[in-house]
Amino acid sequence: MQLTNRSKQVSNKEMTLAEKMYLPAVIGGLAITIRHFFRKKPTIQYPEVKKYLGPIYRGHHVLKRDEQGRERCTACGLCAVACPAEAISMVAAERKKGEESLYREEKYAAVYEINMLRCIFCGLCEEACPKQAVYLRHDRMVPVFQERDEVIYGKDRLVEKMDDRYVRIASSEVQATPTEPSLTRAAT
Amino acid sequence: MDLTILSTKGIIILVVFGITLLIAMYSTYAERKVAAFLQDRIGPNRAGPWGLLQPVADAGKMFFKEDFIPSQASKWLFILGPCLAILTALMSSAVIPFGDTIRFSWDSKNYEVAVQAIEINIGVLYIFGVVSLGVYGIMVGGWASNNKFSLLGAIRAASQNISYEIALGLSLIAILMMTGSLSLRAIIDEQASFFEWNVFTQPLGFIIFLTCAFAECNRTPFDLPECETELVGGYHTEYSSMKLGFYLFAEYINMFVSSAFISALYFGGFHYPFMDLVSGALENSLGAVAGHNVATLIGVVVFFGKIFFFIFFFMWVRWTLPRFRYDQLMNLGWKTFIPLSILNVVITGAGLLFNFKYSTWLIAIVMIVLAVMSSARAPKRTVVPQQTV
Ligand code: SF4
Ligand code: SF4
């Protein structure tokens, strides 16, 4: 089957004297490489400059709150079931009277933990969630960890802060996918 | 020779030694940068500004690695190998004339000292002798490792070097015939005017010499002694730490010396076009002593420019051409270069009989005509487009 028309038929015909002298071919090759020498390099200096990875990049998890600031998660456990890496674990609890402004549903996750060492950032938890509670944000990565006790992210680090709400925008407004905000610099 | 000349010579020797080491050190950096740029990358840029401290970091790494000697290796020869390699590499830069003379007066006496570590009238022979000693470093190291890959690599290196040394020497003979001297300084002075540079009088000899220099330095396309797919690391398979570093370092020093040698033999050394006008004007305006010294300095800078170009050329070729197969290498050396260089010697001699320096262009022209004819007569290569099934 022919996929492209760039394929070339090879022939093992005897080389002519000009080809046996190698020099024309050598000079041709040198001309090609020297053109690359002066070409603009496509390298992105990674930790200093970050590339925008698109609105569907799967980065740091976030447990969303709804418009009134109530946690959306109802601790149904579907994300944990869907997770191929078995990274999610949770403890469910019943919503008490007076907590209606905190939790949207009558049952909520008292503990919700993601083991970032196990997580493979596949995004299946996001797909499984019936309450639109868990998302993988496209603008933030899980930072590098050095200690084993740093790898389990609890609710304190997963639940969305009210002053730092996450909206997934498809526009190109977000130009970089930073890991740590301090290192952010304008990228192309 | 009195004390002043001796101490000036001492200073020059030290400076040449230091410069050789420095250039070899930064050749490793330049190699990586050039490789990166030719492959659309950026190369090392983390250690220091533009990665300039990278060689220092590499050397530090080399020193702190475990210095391992295989238990079955013959210990002294194992240590002797890299020592020989670096010793011979360092010795060869001693006779290269980096510039004209410097004049100074001391104790109300006038001196004129050549910018060259040692001036000997058989400089070319000296370099040849020392360079052929260099193969002992590889041979001894490869043999002492007690490892068949090392031995095979060393044998390859030795046979390759010996084969190409013949063509190298023969292409040089043509130059020696034209100059009538074995002194590098005399050869350089012979090329004072631009169109008498040996690259113009000896185009074929230059190409042969350049190719053989690649083979002598074990550089791509002739880097057969080390070959991951066939020989693991070649002759330095068993080496680690700074012993390996010495081998690699010797290779870069050899590259520097070869570049210097090529620019001295074929590109007029420290001469550049309109040199007489420049030095005359400088001596008129600055006086005979200062003007002469400044002119010498310009010559040295020009010479180093040529050397750097050739080092770059070595790298440029390395990252362009694929390597030869071993039988192709030997065919090229024995069946092409040796006959061609003998022909070159004969034609040069015939030309010199009639006092005509450019006689070897004859071979070049004949070869170009033959090549054009052969490619015109060759049947057109028919490329059948692949059938779609
Ligand atoms: S992204 Fe994938 S691996 Fe990570 S927690 Fe969600 S489902 Fe599990
Ligand atoms: S995040 Fe979604 S899927 Fe997971 S427990 Fe909460 S509501 Fe269920």
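Since we're looking at a predicted model, the values are computed, not measured.

Draft legend 1. Spotlight on the site of ligand 1. Ligand 1 sits among 13 residues. The nearest are Cys83(A), Cys119(A), Cys122(A), Gly123(A) and Cys125(A). In the shell around ligand 1, the residues fall into 11 nonpolar, two polar and no charged.

Draft legend 2. Just the pattern of salt bridges, in detail. Overall, the coordinates contain 18 salt bridges over all chains when judged by the stated rule. As a salt-bridge pair, Arg39(A) and Asp40(B) come within 3.9 Å of each other at their nearest N and O atoms. Taken together, the positions of Arg39(A) in the loop between α2 (23–37) and β1 (61–63) and Asp40(B) in the loop between α1 (3–38) and α2 (54–64) put the pair across two chains. Note on Arg39(A): relative accessible area 43%, which makes it partly exposed. Asp40(B) gets classed as buried once you look at its relative accessible area, which sits at 19%. When salt bridges that share partners are traced, they join Asp66(A), Arg70(A), Arg104(A), Glu105(A) and Lys131(A) into one network.

Draft legend 3. Quick look at the UniProt feature "binding site: [4Fe-4S] cluster 2" (unreviewed entry) in chain A. Residue and element names in this part refer to chain A. The feature "binding site: [4Fe-4S] cluster 2" (unreviewed entry), as annotated in UniProt, sits at Cys 83, Cys 119, Cys 122 and Cys 125 in this numbering. A maximum C-alpha distance of 10.4 Å places the annotated residues, which cover 43 residues in sequence, within one compact spot. By the secondary structure assignment, Cys 119 is in the loop between β3 (107–115) and α4 (124–128). Owing to a relative accessible area of 13%, Cys 119 belongs among the buried residues under this scheme. Apart from residues no more than four positions distant in its own chain, Cys 119 is found in contact with His 61, Ala 85, Ala 87 and Ile 114. Structurally, Cys 122 is set in the loop between β3 and α4. Overall, the relative accessible area of 26% leaves Cys 122 in the partly exposed class. Among all residues touching Cys 122, those that are not within four sequence positions of it are Arg 58 and Pro 84.

About the thresholds
- Residues numbered from 1 in each chain as written.
- Chains lettered and ligands numbered in written order.
- Predicted model: local features only at pLDDT ≥ 70, side-chain atom pairs only at ≥ 80, totals over all residues.
- Heavy atoms only, no water.
- Near = heavy atom within 4 Å.
- Nonpolar A, V, L, I, M, F, W, Y, C, P; charged D, E, K, R; others polar.
- Salt bridge = Lys/Arg side-chain N within 4 Å of Asp/Glu carboxyl O.
- Helix = DSSP H or I, 4+ residues; strand = E, 2+ residues; numbered from the N terminus.
- Buried < 20%, exposed > 50% of the residue type's maximum accessible area, 1.4 Å probe, protein only.
- UniProt positions renumbered as here; feature names shortened; annotations may be inferred.
- Contact = heavy atoms within 4.5 Å.

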